Amino acid sequence: MSIWSIDAQTVTHSIQLAVAPVFFLTAVAGMIGSVAGRLARIIDRARKLEESLRTATDHELIARSLTELHYLRERGRLANVSIALLTMCGMCIGLTIVLLFVGQAYGFSGQSYAVLSFLLGVLAFVLALCCFLWETIMATRILDFHVLSQAKAAARKVTGDQKS
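Okay, so let's go over this structure. Not measured: the values here are computed from a predicted model. Each chain carries its own residue numbering, running from 1 in the direction its sequence is written. In keeping with the model being predicted, local features are shown solely for residues with a pLDDT of at least 70 and side-chain atom pairs are shown and tallied solely at 80 or more, while totals for entire chains, interfaces and linings include all residues. By convention in this description, side-chain values take in all heavy atoms of the structure and omit both hydrogens and water.

## Points about the overall build of the protein chain
Strands here mean DSSP runs of E at least two residues long; helices mean DSSP runs of H or I at least four residues long; both are numbered from the N terminus. When helices and strands are tallied, the protein chain shows four helices and zero strands. The helix and strand sequence of the protein chain, counted from the amino end, reads α-α-α-α. Scored against the burial criterion, the 164 residues of the protein chain give a buried share of 31%. Here the contacts in the protein chain between residues at least 6 apart in sequence split such that 81% fall between residues at least 24 apart. Accessibility here uses a 1.4 Å probe with only protein chains present; expressed as a share of the type maximum, an area under 20% marks a residue as buried, one over 50% as exposed, and anything in between as partly exposed. In what follows, residue pairs with any heavy atoms lying within 4.5 Å of each other are defined as contacts.

Structure below.
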């Protein structure tokens, strides 16, 4: 059977079957962009902290910066794992599209492989979302609300001194 002997209805149905996972690929691409943006901000913050550490003399600031660098390294690792999982997801979904299209167009019975590939892609996507969630949780854990408390206490002291 020649590639050119396929009827138009078979090609149309094959394309329709293969297009559905393409929407999933769009979501994966959006997630990769989002996680890559977060990773870029993590790297920028780490570079800024490393630069300030080179000239720092305050021991409290040095300790705080080193702690934050540790968190940034862990967040960067999670973002990298998330991107790797999203890439694997994209590859699995792409393979699913190829298997569905070839199976429909040429009678290749690869549906079980397509199902397996799709499920692996979904699993990778869910794991990537878990990494993304954990990275965002870590991003808020490093926040220092102690500085905010000190500023409020100082403001109360100033208003208390003004009343006296």
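Picking up after the structure, the text goes on.
## Considering the packing of aromatic side chains
To pair, rings of Phe, Tyr and Trp, with the six-membered ring standing in for Trp, must have centres within 6.5 Å; the planes then decide the type, stacked if under 30 degrees apart, edge-to-face if over 60, and tilted in the middle. Under the definition given, this model contains two aromatic pairs. The interplanar angle of 70° and the centroid separation of 5.1 Å between the aromatic rings of Phe24 and Phe125 together place this pair among those described as edge-to-face. With a gap of 101 residues between them, Phe24 in helix H1 (residues 8-55) and Phe125 in helix H3 (residues 111-141) connect regions that are remote in the sequence. Each member of the pair Phe24 and Phe125 is classed as buried. Through successive ring pairs, a cluster of aromatic residues spans Phe24, Phe118 and Phe125.

## Description of the nonpolar core
For the purposes of this section, nonpolar cores are sets of buried Ala, Val, Leu, Ile, Met, Phe, Trp, Tyr and Cys residues that join through side-chain atoms within 4.5 Å. In this structure, Phe24, Val28, Val35, Leu86, Cys89 and Phe125 are the most contacted members of the largest nonpolar core, which totals 20 residues. If you tally residues by element for this core, the top one is helix H2 (residues 59-106), at nine residues. Counting six residues, the second-largest nonpolar core is a separate cluster that includes Ile42, Ala46, Leu49 and Leu53.

## Here we look at H2
For H2, which comprises 48 residues, the first-to-last C-alpha distance of 70 Å matches the rise-based estimate of 70 Å (1.5 Å per residue) to within 8%. With its phi angle positive at about 75°, Gly107 sits one or two positions after the end of H2. Expected span of a helix: the number of residues minus one, times 1.5 Å.

## Description of the environment of Tyr71
Note that Tyr71 resides in helix H2. As for Tyr71 and Arg141, which are separated by 70 residues in sequence, their C-alpha atoms are 8.8 Å apart. Discounting residues that sit within four places of it in the chain, Tyr71 has contacts with Met138, Arg141 and Ile142.

## Description of a nonpolar patch on the surface
Together, Val11, Ile15, Val19, Val22, Phe23, Val98, Phe101, Val102, Tyr106, Phe108 and Tyr113 give the surface a local cluster of nonpolar side chains, amounting to about 940 Å² of exposed area. Mapped by element, the contributors of at least two residues to the nonpolar patch are H1 and H2. Looking at the nonpolar patch, the element that brings in the most residues is H1, giving five residues. Tracing the chain through its elements places Val102 in helix H2. A patch consists of residues whose relative accessible area exceeds 30% and which take part in no salt bridge; residues with like charges are grouped when within 9 Å of each other, and nonpolar side chains (Val, Leu, Ile, Met, Phe, Trp, Tyr) when within 5 Å. Residue exposure ignores everything except the shown protein chains as possible cover, and the areas themselves are Shrake-Rupley values with a 1.4 Å probe. Here, a salt bridge means any side-chain nitrogen of Lys or Arg that lies within 4 Å of a carboxyl oxygen of Asp or Glu.

No statement about biological role is implied by the geometric values presented.
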